[in-house]
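Fold and contact review
Listed below are the residues making up each chain.
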Amino acid sequence: MSDGGPARGGAVVGEGLSGRRGEAGRAAEAASAYRIEDLAHLSGATVRTIRAYQDRGLLPRPERRGRANLYSDAHLHRLSQIADLLDRGYTLASIKELLEAWDAGRGLGGVLGLVAEVDGPWTDEEAVRISRAELEERFGGTPDDAAVAEAVELGVLEPVPGDEDSFVVPSPQELSVAVELHSAGVPLSAISDHLRELRGQVEHIAARFLEFTTEHVFARYLDGSHRPTDAEAAEAASLVRRLRPLAQHTVDAELARAMRLLAVRHLRQHLGADETPEPRNRTRPVPVPEETMQAVEGLVGAKQSASFITLAAEREVRARTLDRLAASHRSASDLDETP
C-alpha cells in the first residue's frame, strides 16, 4: 500500500476532516502534513532511512488519515535533530537514549546546548575561499601540485566539491604563516613537516588541559551512571564558554616567554656572545648507603651530615691531587738523574 496520497505544493491535505476551519487553519495544516517522499526531500534523508528510524523507535509513526500516512513538522524537526547528532559523532543507540529522555520530559535542550558549545568553533577566525591561481601567486607563482596535496592532507586547504580550482581555508592565519615562512626561504616540504610535528605537540598540550579541567571542573557532570539534567548540562555549557579561551591564553603567554628565553640564548651562542658564567655551587643527588648515612649522622648529627660528606669528599680529592703532583715530581726527578 502506498504511503502517500495526492500532493498539493509538497503537502497532503487530510481526507474526511470534520468541522469547519478557517483559511489560516487549513493553510497551517497543509503546511505541516507531508507524504514520506516530501519529508525525505525536505529533510535530506531517504525514504528508506526514515522508515528505518521509525523501526528503531527514533522517529514517531506517521498519522493515518484515510489512505494516507502523514508526517508533520515535528517529524521534520526530529529528523534534523538526528542528523545533527550523527554529525557530532553520536551513535543511533545514544541518540535514541537522548531522544527518549527528551520525550520523557527530562530535557534535551541543555545536553544539545553542551554538545553545540563543545563542537562549535574554538576560534574567532572565519574560513575564506581561495582560488588555485591566488594560492600559486601567494607562494611565488610556481604551481606545486605535491605541496597542494600535502596541504589538503593536513587540512590547511579543503577542496570545494565540484570546483577543482578553488579551496576553503579554515584558518587564514595558518596559511599566512606558511606564506611568510616560504617568502623567507623555507621550503614548503619543511613547513609541512614542521606543522606535523607542531600539531602532535599541541594536541598533547590540549589533551593535558582537557584532563586537568575534567578532573577539577567537569567531573561532577560526567561521573556517575546518571546523565546530566537539563540544568546541569546548561551549567556545564556555560563553563565551557568561560574556560575555552584559557588554554589559548596560557599557551600564548608561555610560548612568548619560551621564545624570548630560547631566542636570546640561541642568538648569543651563534654570535659568540654567550658570556653567561656557569652557575656555581650546583648540586646533584648522589646515592649514599643507609649504613654510611647513619654513621655520619651519629658522628656529626643529621643537620651537619651533608656538609661533612662534602668536606670529606673535597679532602679526598685534594689528597689525591697532591699525591698525583708528588708522583709527577718524583718521575721527573728520576728522569733528570738518568746518566
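Structure first, text after, so check above.
We now turn to the structure provided with this report. Predicted, not measured: the structure shown is a model, and the values here were computed from it. (Residues numbered from 1 in each chain as written. Predicted model: local features only at pLDDT ≥ 70, side-chain atom pairs only at ≥ 80, totals over all residues. Heavy atoms only, no water.)

**Concerning the side chain of Ser171**
- Secondary-structure assignment places Ser171 in the loop between strand S5 (163-169) and helix H9 (172-183).
- A polar atom in the side chain of Ser171 sits 2.8 Å from the side chain of Glu125. (Helix = DSSP H or I, 4+ residues; strand = E, 2+ residues; numbered from the N terminus. Polar contact = N/O pair within 3.5 Å; in protein donor to acceptor, adjacent residues only side chain to side chain.)

**Examining the sheet that holds S5**
- Overall, antiparallel pairing links the three strands, which are arranged S3-S5-S4 in an open sheet. The strands lining the two open edges of the sheet, one partner per strand, are strand S3 (128-131) and strand S4 (158-160). Averaged over all pairs of adjacent strands, the angle between their axes in this sheet comes to 40°, without regard to strand direction.
- Of the strand pairs in this sheet, S3 and S5 are connected by four bridges, and their pairing is antiparallel. If you follow Ser131 over to S5, its bridge partner there is Ser166. (Pairing = 2+ DSSP bridges. Axes fitted to C-alpha atoms, helices over the stretch in contact; angles between N-to-C directions.)

**Observations concerning the packing of helix H2 (residues 36-43) against helix H3 (residues 47-55)**
- Interaxial distance between H2 and H3 falls to 9 Å at its minimum, and their mutual angle equals 100°. In terms of orientation, H2 lies roughly perpendicular with respect to H3. Only Val47, Ile50 and Arg51 of H3 make contact with H2, whose side of the interface consists of Ile36, Glu37, Leu39, Ala40 and Ser43.
- The residue inventory of the contact of H2 with H3, partitioned by class, reads five nonpolar, one polar and two charged. (Parallel < 35°, antiparallel > 145°, perpendicular 65-115°, else oblique. Contact = heavy atoms within 4.5 Å. Nonpolar A, V, L, I, M, F, W, Y, C, P; charged D, E, K, R; others polar.)

**Concerning a nonpolar patch on the surface**
- Taken together, the side chains of Ile205, Val251, Leu255 and Met259 define a hydrophobic patch exposed on the protein surface, amounting to about 360 Å² of accessible area.
- With three residues, the single largest contributor to the nonpolar patch is helix H11 (residues 230-271).
- With respect to the helices and strands, Ile205 occurs in helix H10 (residues 188-222).
- Assessed through its relative accessible area of 43%, Ile205 is described here as partly exposed. (Patch = residues over 30% accessible without salt bridge, like charges linked within 9 Å, V, L, I, M, F, W, Y side chains within 5 Å. Areas by Shrake-Rupley, 256 points an atom, 1.4 Å probe, with all protein chains shown as cover. Salt bridge = Lys/Arg side-chain N within 4 Å of Asp/Glu carboxyl O. Buried < 20%, exposed > 50% of the residue type's maximum accessible area, 1.4 Å probe, protein only.)

**Remarks on the pairing of S5**
- Pairing of S4 with S5, which is carried by three bridges, proceeds in the antiparallel orientation. Across the sheet, the residue bridging to Val160 is Asp163, located in S5.
- If you look at the hairpin formed by S4 and S5, you'll find two residues sitting between the two strands, and Gly162 has a positive phi there, around 80°.

**Looking at H3**
- Along H3, the positions that sit buried rather than exposed are Ile50, Tyr53 and Gln54. Buried residues of H3, viewed axially, fall in a sector of 100°; they line one side. Among the exposed residues of H3, those pointing more than 90 degrees away from its buried face are Arg48 and Asp55.
- Once H3 ends, the next one or two residues include Gly57, with phi positive near 80°. (Arc of directions from axis to C-beta.)

**A short note on the pattern of salt bridges**
- The final tally for this structure, using the stated rule, is eleven salt bridges.
- In this structure, Asp55 engages Arg61 in a salt bridge whose closest nitrogen and oxygen atoms are separated by 3.2 Å. The residues Asp55 and Arg61 share a single accessibility class, namely exposed.
- Its salt-bridge partner being Arg320, residue Glu316 comes within 2.8 Å of it at the nearest N-O pair. A residue pair is termed a helical-turn pair when its members lie 3 or 4 positions apart in one helix, as Glu316 and Arg320 do in helix H13 (residues 305-336) at four residues.
- Overall, Glu316 belongs to the partly exposed group, its relative accessible area being 40%.
- Residue Arg320 is classed as exposed on the basis of its relative accessible area of 56%.

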